[in-house]
Amino acid sequence: MTFFELVKYCLRLIFLPRSLRTMEWKMLRLVNKDRKQNGLKKLRMQEDLRVVARKHSKDMAQKDYFEHKNLLGETPFDRLDKARITDIVAGENLAKIKGYQIPVRRAEIGLMNSPGHRANILKSDYNCVGIGIVKSQDQSFYFTQNFAERELVFTKKIKKVVRLKTGLNIKGYFLKNPKNIIYQVKNHINDKDPLYEKLIKVKDRKFNFVIPFSNTGIYQTLIFVETENGSEKFNVVNKFEIKVRKGFVF
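Residues numbered from 1 in each chain as written. Predicted model: local features only at pLDDT ≥ 70, side-chain atom pairs only at ≥ 80, totals over all residues. Heavy atoms only, no water.

I tried to follow a nonpolar patch on the surface on my own but got confused; where do I start?
On the surface, a nonpolar cluster with roughly 330 Å² of combined accessible area is contributed by Val7, Leu11, Leu13 and Ile14. Among the secondary structure elements, Leu13 is positioned in helix α1 (residues 3-15). A relative accessible area of 32% places Leu13 in the partly exposed class. (Patch = residues over 30% accessible without salt bridge, like charges linked within 9 Å, V, L, I, M, F, W, Y side chains within 5 Å. Areas by Shrake-Rupley, 256 points an atom, 1.4 Å probe, with all protein chains shown as cover. Salt bridge = Lys/Arg side-chain N within 4 Å of Asp/Glu carboxyl O. Helix = DSSP H or I, 4+ residues; strand = E, 2+ residues; numbered from the N terminus. Buried < 20%, exposed > 50% of the residue type's maximum accessible area, 1.4 Å probe, protein only.)

Printed below as a string of structure tokens:
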């Protein structure tokens with residue numbers, strides 16, 4: 001939790017102590033307290049992960065089910081992929097609580113007492129989480145925690161449709177040590193060779209570059225990050241399908 005987020009959280013505790021958003025931040029603090037007691041680094045709340053978590057909690061509350069797979073048969077990975085979150089995300093915790101005065105604390109205690117859920121909370125690889133809490137008509141609270149291990153965060157939304165003239169703007173910062181980036185553009189995700197690629201040298205934690213396109217159409221864009229500085233070995237961390245067209249994009 002950044003200083004600005006901490007100030008917002010304190011204000012919410014004063015003026016909106018029972019709101020669902022305040023409860024989400026309370027759960028983050030409890031999760032990080034459990035991690036600290038086990039010698040682990042704190043997790044950072046990520047808004048894109050939280051949106052996906054909220055949607056799943058809302059879906060369960062409205063349709064009266066409690067499963068990782070929703071009624072459309074979508075897994076946590078399917079929901080994240082649909083939300084264009086394609087970096088390494090590997091854990092989801094669910095909880096359902098009713099009849100407790102402090103549901104957030106009760107939910108976190110229950111998760112920590114469950115071996116599988118505890119393993120997610122205390123997994124050292126994770127550095128991010130999205131927490132979504134929704135209250136159903138029968139006064140049950142539904143909790144979803146989506147955990148992630150992330151190299152970088154995008155601060156500018158990745159557009160689905162871009163103009164040929166302007167290309168795709170990629171802007172963000174590294175959560176870990178800054179490393180070089182390679183982007184590739186392909187016609188199809190399984191094509192062996194890209195149409196073109198470029199190395200982006202990153203000097204500090206922030207990056208801001210534009211991926212150009214030579215023609216209109218639908219393209220697969222992949223973002224690779226260097227495994228270690230100077231190693232010249234790269235792993236894919238994000239991939240997006242981008243529609244390129246002429247004229248204005250709304």
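So much for the structure itself; the text now carries on.
So what exactly am I meant to see when it comes to the sheet that holds strand β12 (residues 234-245) here?
The strands making up a sheet associate through hydrogen bonds between their backbones, and the pairing can be parallel or antiparallel. Ordered by their spatial adjacency, five strands build an open sheet running β6-β12-β11-β8-β9, and the pairing between neighbours is mixed. Looking at strand neighbours, the two that pair on one side only are β6 (161-163) and β9 (196-200), the edges of this open sheet. Recorded for the sheet is a direction-independent mean angle of 30° between the axes of neighbouring strands. As paired strands, strand β8 (residues 181-186) and strand β11 (residues 217-226) are joined by six bridges and run antiparallel to one another. By the bridge assignment for β11, Ile182 is matched with Phe224. (Pairing = 2+ DSSP bridges. Axes fitted to C-alpha atoms, helices over the stretch in contact; angles between N-to-C directions.)

Can you help me understand helix α3 (residues 47-63) in this one?
Two residues of an α-helix separated by three or four positions point the same way, owing to the 3.6 residues in each turn. End to end, α3 covers 24 Å across 17 residues, agreeing with the expected 24 Å (1.5 Å per residue, within 8%). Of all the positions in α3, only Leu49, Arg50, Val52, Ala53, Arg54, His56, Ser57, Asp59, Met60 and Ala61 are classed as buried. Downstream of α3 by one or two residues, Asp64 has phi in the positive range, about 55°. (Expected span 1.5 Å × (residues − 1).)

I would appreciate a short explanation of the side chain of Arg35 in the present structure.
Note on placement: Arg35 falls in helix α2 (residues 20-37). For the buried Arg35, no salt bridge exists, and the shortest N-O distance to an oppositely charged side chain is 8.4 Å, to Asp125. Those residues in contact with Arg35, other than ones at most four positions away along the chain, are Leu40, Lys41, Lys42, Leu43, Ile121, Leu122, Lys123, Ser124 and Tyr126. (Lys, Arg positive; Asp, Glu negative; His and termini not counted. Contact = heavy atoms within 4.5 Å.)

I'm lost on the side chain of Arg54 in this one. Help?
Relative to the assigned elements, Arg54 resides in helix α3. Within the local environment of Arg54, its side chain forms a polar contact with the side chain of Glu24, the two groups lying 2.8 Å apart. For Arg54, the residues in contact, after removing those within four places along its chain, are Arg21, Glu24, Glu47, Gly132, Ile133 and Val134. (Polar contact = N/O pair within 3.5 Å; in protein donor to acceptor, adjacent residues only side chain to side chain.)

Is there a simple way to think about the nonpolar core in this case?
In globular proteins that are soluble, nonpolar side chains generally tend to be buried together. Met27, Val104, Ile121, Ile131, Ile133 and Phe143 are the most contacted members of the largest nonpolar core, which totals 23 residues. If one sorts the elements of this core by residue count, α2 sits on top with six residues. The residues touching Ile131, leaving out its near neighbours within four places in the chain, are Glu24, Met27, Leu28, Met45, Arg50, Ala53, Thr144 and Gln145. One finds Ile158, Leu168, Phe209 and Val237 within the second-largest nonpolar core, a separate group that totals 22 residues. (Core = buried A, V, L, I, M, F, W, Y, C linked by side-chain atoms within 4.5 Å.)

Explanation requested: the packing of α2 against helix α5 (residues 103-112) in the structure shown.
Two measures define how a pair of helices packs: the angle their axes make with one another and the distance between the axes. α5 packs onto α2 with a crossing angle of 35° between their chain directions and a minimal axis gap of 9 Å. Relative to α5, α2 is oriented so that their crossing is right-handed. Between α2, through Met23, Lys26, Met27, Leu30, Val31 and Asp34, and α5, the contact on the second element is made entirely by Pro103, Val104, Arg105, Ala107, Glu108 and Met112. Considered class by class, the residues forming the contact of α2 with α5 number eight nonpolar, no polar and four charged. (Left-handed = near helix turned anticlockwise from the far one by under 90°. Nonpolar A, V, L, I, M, F, W, Y, C, P; charged D, E, K, R; others polar.)

Before we go on, may I ask you to explain the packing of aromatic side chains in this structure?
Each aromatic ring pair is summarised here by two numbers: the centre-to-centre distance and the angle between the ring planes. Counted under the stated rule, the structure contains seven aromatic pairs. Judged by centre distance (5.6 Å) and plane angle (70°), the ring pair of Phe174 and Phe207 falls under edge-to-face. Taken together, the residues Phe174 in strand β7 (residues 168-174) and Phe207 in strand β10 (residues 206-211) connect sequence positions 33 residues apart. Summarising the aromatic geometry, the rings of Phe213 and Tyr219 are spaced 5.4 Å apart at their centres and angled 35° between planes, so their arrangement reads as tilted. On the basis of relative accessible area, Tyr219 is assigned to the buried category, the value being 7%. Put simply, the rings of Phe154, Phe174, Tyr183, Phe207, Phe209 and Phe240 touch in pairs and so form one group of aromatic residues. (Phe/Tyr/Trp six-rings, centres within 6.5 Å; stacked < 30°, edge-to-face > 60°.)

What's the story with a positive patch on the surface in this structure? I'm lost.
A cluster of basic residues, Lys156, Lys159, Lys171 and Lys206, forms a positive patch at the surface. Here Lys156 is to be found in the loop between β5 (152-154) and β6. When its relative accessible area of 33% is taken as the criterion, Lys156 is described as partly exposed. (Charge placed at Lys NZ, Arg CZ, Asp CG, Glu CD.)

Looking at this structure, I do not really get α2. What am I missing?
In a regular helix each residue adds 1.5 Å, so 18 residues correspond to 26 Å; α2 covers 26 Å between its end C-alpha atoms and thus fits that length. Of the residues making up α2, those classed as buried are Thr22, Met23, Glu24, Trp25, Met27, Leu28, Leu30, Val31, Asn32, Asp34 and Arg35. In the segment just after α2, Gly39 is the residue with positive phi, at about 70°.

Honestly, the layout of surface pockets in this entry has me stumped. Any pointers?
Taking a probe equal in size to a water molecule and rolling it over the atoms shows the remaining empty space. Here the largest pocket defines a volume of roughly 1200 Å³. The wall of the largest pocket is formed by 44 residues, among which Glu47, Asp48, Val51, Val52 and Ile85 lie closest to the centre. Here the lining of the largest pocket gets nine residues from one element, more than from any other, and that element is α3. Broken down by class, the residue content of the lining of the largest pocket amounts to 16 nonpolar, seven polar and 21 charged. (1 Å grid on protein atoms, 1.4 Å probe; cavity = no way out; pocket = protein on both sides within 12 Å on 5 of 7 lines; lining within 4 Å. Points joined across faces, edges and corners; volume = space filled by probe spheres on them.)

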